[in-house]
Amino acid sequence: MSELWGVFVILIVCPLLGALPLIAWIIQALKGLQLAQVGTGNIGVSSAFYHGGTLVGILAVLSEALKGIAAVLIARVFFPDGSAWELIALIALIMGRYLMGRGAGTTNVVWGFLVHDPLTAAFVMLVAGISFTILRDRLLAKYGILILFPMIVGVLHVEDPFRIIAAVALAALLGWIYKQIPDDLDLPVQEAQPESQKAFQFFRGNRDILSLDDDLDAAVVGYKAARLSQLQRWGYPVPKGWILLPYDDPEVLIDFLQPSELSPLVVRSSAIGEDSEQASGAGQYETVLNVTTKEGLQQAIAQVRSSYDRSGAVQYRRDRNLKEAAMAVLIQQQVQSVYSGVVFSRDPMTQEQDVVVIEALPGSAAQVVSGKFTPEQYRAFVVDTENLALIQLEGKGRVPQILIKQVAYLARRLEDRYYGVPQDIEWSYDGQTLWILQTRPISTLLPIWTRKIAAEVIPGLIRPLTWSINRPLTCGVWGGIFALVLGERALGLDFNETATLHYSRAYFNATLLGKIFRRMGLPPESLEFLTRGAKLSKPPFTTTLQNLPGLTKLLMRELFLERDFKRDFRKRFAPGLSQLSQESPDELEPSQLLASIDYILELLRNATYYSIMAPLSAAVRQAISKVKDVEIDNSLTPEVTALRSLHELAAIAKHKFPNLNPDHVFEEMARSPEGQTILIEYDKLLQRYGYLSEVGTDIAVPTWKEEPKAVKQLFVQLMQGDDPPRLQTSQAKSKKNFLQRRVDLKGRVTEVYSKLLAHLRWAFVALEKIWLHSGILQASGDIFFLEFEEVRRLVADSDTKFIELLPEIIATRRSLFAQYSQINPVPLLVYGNTPPALPSQISLSSDQTLRGIPASPGRTVGRVKVLRNFQALPEIDRETILVVPYTDSGWAPLLVRAKGLIAEAGGRLSHGAILAREYGIPAVMDVHNATWILQDGQKVRIDGTMGIVEIANDLKPE
């Protein structure tokens, strides 16, 4: 029993002991520094010496030494002296040290192992000290010890295999940690505390010559060198190169390179922050070509280094708030160019999304970037980035067109490798190979805004009032989730920039989300996976480990999500909705309506959290459990329950009134008691689901309760016998399993969230009626062209000047809204914060195959009916393939009457996809520009299993 307690104590106490940030506390107390925010961000002994000086360093050594000794002594309380459990205790200690304490744990292990096995420790330290003194190679000494000490343990304790295994595991763990965190000894010696500089210089040892073959860290060598190193590892042709770190003596590298007339070199800058998303640094630093002698190489290195301190470069960095840091120098073999140039994967001037801009000339790339020569201009139009289909090339000159096409392909491939960030690429062709000389983001085209996800979450045209309410709610909740996971790593991220409006449509900040996901240790496409069910690549193990504490907190939120929602439903949502349903907004004064609106918004802040977390949780659980979409029971989803209730009531009405005139169903039923009973039930149904609307997240859109025309049409159609297919029987029905519980929760959350938004809308409509009567507003719908703070201002005081300006403000916004409503299609991506007033249009052939997300299985052929909104309800029969911009709960009465569904936005978890699966209707979601490409009456075949739409008029029925 004592040993079991020992195992428990070692595995619990030792990681917590390792996580104690003693060094951070020491340097905070003595120097007032946040160690995690300076240098490499490590909280270790080296960083304490570097930033705090000798006294702080000594105290740091003592604190970490005591941790290592304490871990061994804890093990000895329960196990014999010298047992393998002492090494297990050290392993647990440094795991806690790395994951939560942000340090490697070397000092812990050295002192702990010294207490554990003094003889082995003394021998290893002696050999290591001699080796380092002779060889002066820090890396060789560090990794040599990790190999040596388990070997010596194996020799001295051959009879104890458990101890040998523990020693090997400890060495392997330390080696792995060394690979994950930067080394403070790589920091510039000159910036260390003066009394620590000599020691740092000694322990840095003799460096190996760094080359582009190595895995380089941009924080040390700059983005230019790090990106070229990355491209070379990916297999792209990059001229061979070497890196001279800041403050390093260039003599060793100069002797190694031996430049000559036959092998000229080019010396380039690679400053920290240069070629980054924040700043290109173009033209700020020196580049020296045709270096052919040692003396010339030495001068070129000095010239490039000195360019970092030029007044123009210093001012450039200040203007962009770039951190001051020394500059690494990149030395490469010079390409003997036949043709060279630069290529922009997207047009930085016109922002045409499918245009690759190429500037080229015979000779070296320096001619193009120097500004002394006018290059030839080419524009390549690319529409299929997956297959890189080049459909048109503009521009003629001396550069072969086949080479220009290859350059265009290269640009788009590199853009894809860098998560869709537009690239500015310098290239050169020597007659055989197309070389990449550098690639960097086009900073003027950042951030990148995407309609993906946003088109499903906040679809359609958005009016100012809706956006002024939705944006802070959505950004606030997402920011809270991200901050929970990231902790201190959330510093510098503005979560208010998560979303914006372009062309009166919602866009998410793909650039910011990419940064967030990389900091979280998740792939950049994570949000698309979680909200839309797209394929997710494997997250990097190392960065996921760094975020383990935050991810653990998020996991706990997920595990208790249902419990928390039930608690909030009981304490907040149910009483709140009951109170709201009992009051009539039309009977309230403006100040009372504003109070009611504030109350609803307070409830919505909590409901928004669940409306985001529940679908995410369901998506993750579905991916883990590998349950197919058709096996999920969505019976608690509002649109499904509404349609089932309507279907059942229509069946009763059809049985009792089989011969009613379709044009006068409601009038004729009102003439009999039985019919009146059905109409009462119909009204109850409409009241029960009257909160649903065409766009559930847009309070400017009328609800079913206000405009029930679509529901009436479906009710009549169901009575006529033109029934939708029978609901599919799901294999997972009534199974409250790992996934199903979350799907059920999602349905309940959607109902609460939608009801709150409906009450919010009705409160604003009531307020608008008062202002229309008093003359403050002129026309119905005007209130939705105000922002919420403007509404609050109008209620709070009678600012006559502002009231006088209202007609002009609203007219301007209405005009812009009308202008944007004519833009079709809107671009999927917007580059930069100032997109073109009118996005470019793409001409597409009418017989192409369209692709999207397979959302509901099955194949069918039918005639297209394009429906862009609910303003004009079409005739839909069982041969209609309905094409819509998006789907929401309120679309349900129309969707279930169609033979197939095609949507421009949405995924497997969207409202339309769920309904389609419930009713066995083939559906393809996320078909970009579908409402623009497809025309009424066109014959199409849709494959809901493969996600394919074929356009042709000679298709035969399935």
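Anything mentioned here points back to the structure above.
A few points on the structure. (Residues numbered from 1 in each chain as written. Predicted model: local features only at pLDDT ≥ 70, side-chain atom pairs only at ≥ 80, totals over all residues. Heavy atoms only, no water.)

## A closer look at the pattern of salt bridges
Applying the stated criterion across every chain, the model contains 36 salt bridges. In this structure, Arg567 and Asp564 form a salt bridge, with 3.4 Å as the shortest nitrogen-oxygen distance. With Arg567 and Asp564 both in helix 24 (residues 561-582) and three residues apart, the pair spans about one turn of that helix. Classification of Asp564 by relative accessible area gives buried; the value is 10%. Here the residues in one salt-bridge network are Glu558, Glu562, Lys566, Arg621, Arg741, Arg742 and Arg748, joined through shared partners. (Salt bridge = Lys/Arg side-chain N within 4 Å of Asp/Glu carboxyl O. Helix = DSSP H or I, 4+ residues; strand = E, 2+ residues; numbered from the N terminus. Buried < 20%, exposed > 50% of the residue type's maximum accessible area, 1.4 Å probe, protein only.)

## Observations regarding the pairing of strand 18 (residues 859-866)
Relative to strand 22 (residues 939-943), strand 18 is paired through five bridges, and the arrangement is antiparallel. Bridging from a neighbouring strand, Thr860 pairs with Ile942 of strand 22. Relative to strand 19 (residues 880-884), strand 18 runs parallel, the two being bridged by four bridges. In the sheet register, Val866 faces strand 19, and the bridge partner there is Val883. (Pairing = 2+ DSSP bridges.)

## Looking at the sheet that holds strand 14 (residues 505-509)
Ordered in space as 13-14-12-15, the four strands form an open sheet in which the pairing is antiparallel. Each edge of the sheet is formed by a strand with only one pairing partner; in this case those strands are strand 13 (499-502) and strand 15 (829-831). Sheet twist, expressed as the average angle between the axes of neighbouring strands with direction ignored, equals 35°. Note: strand 12 (residues 448-450) against strand 14, two bridges, orientation antiparallel. Among the inter-strand pairings, Trp449 is bridged to a residue of strand 14, identified as Asn509. Each of strand 13 and strand 14 touches helix 19 (residues 464-486); the most contacted strand, strand 13, lies at about 150° to it. (Axes fitted to C-alpha atoms, helices over the stretch in contact; angles between N-to-C directions. Contact = heavy atoms within 4.5 Å.)

## Remarks on the packing of helix 30 (residues 740-774) against helix 31 (residues 788-796)
It is the contact of helix 30 with helix 31, at a shortest axis distance of 13 Å, that shows an interaxial angle of 50°. It follows that helix 30 is oblique to helix 31 by the angle criterion. Once helix 30 is placed against helix 31, the crossing between them reads as left-handed. Within the contact between the two elements, helix 30 uses Phe764, Leu767 and Trp771 and helix 31 uses Phe788, Val791, Leu794 and Val795. (Parallel < 35°, antiparallel > 145°, perpendicular 65-115°, else oblique. Left-handed = near helix turned anticlockwise from the far one by under 90°.)

## Here we look at the sheet that holds strand 22
Pairing is mixed across the open sheet formed by eight strands, whose spatial order is 16-23-22-18-19-20-21-17. Every interior strand has two partners, whereas the edge strands, strand 16 (849-851) and strand 17 (853-856), have only one. Taken over all neighbouring pairs, the strand axes of this sheet differ in orientation by 30° on average, direction set aside. Along the sheet, helix 34 (residues 911-919) makes contact with strand 17, strand 20 (900-903) and strand 21 (923-925), crossing strand 17 at roughly 45°.

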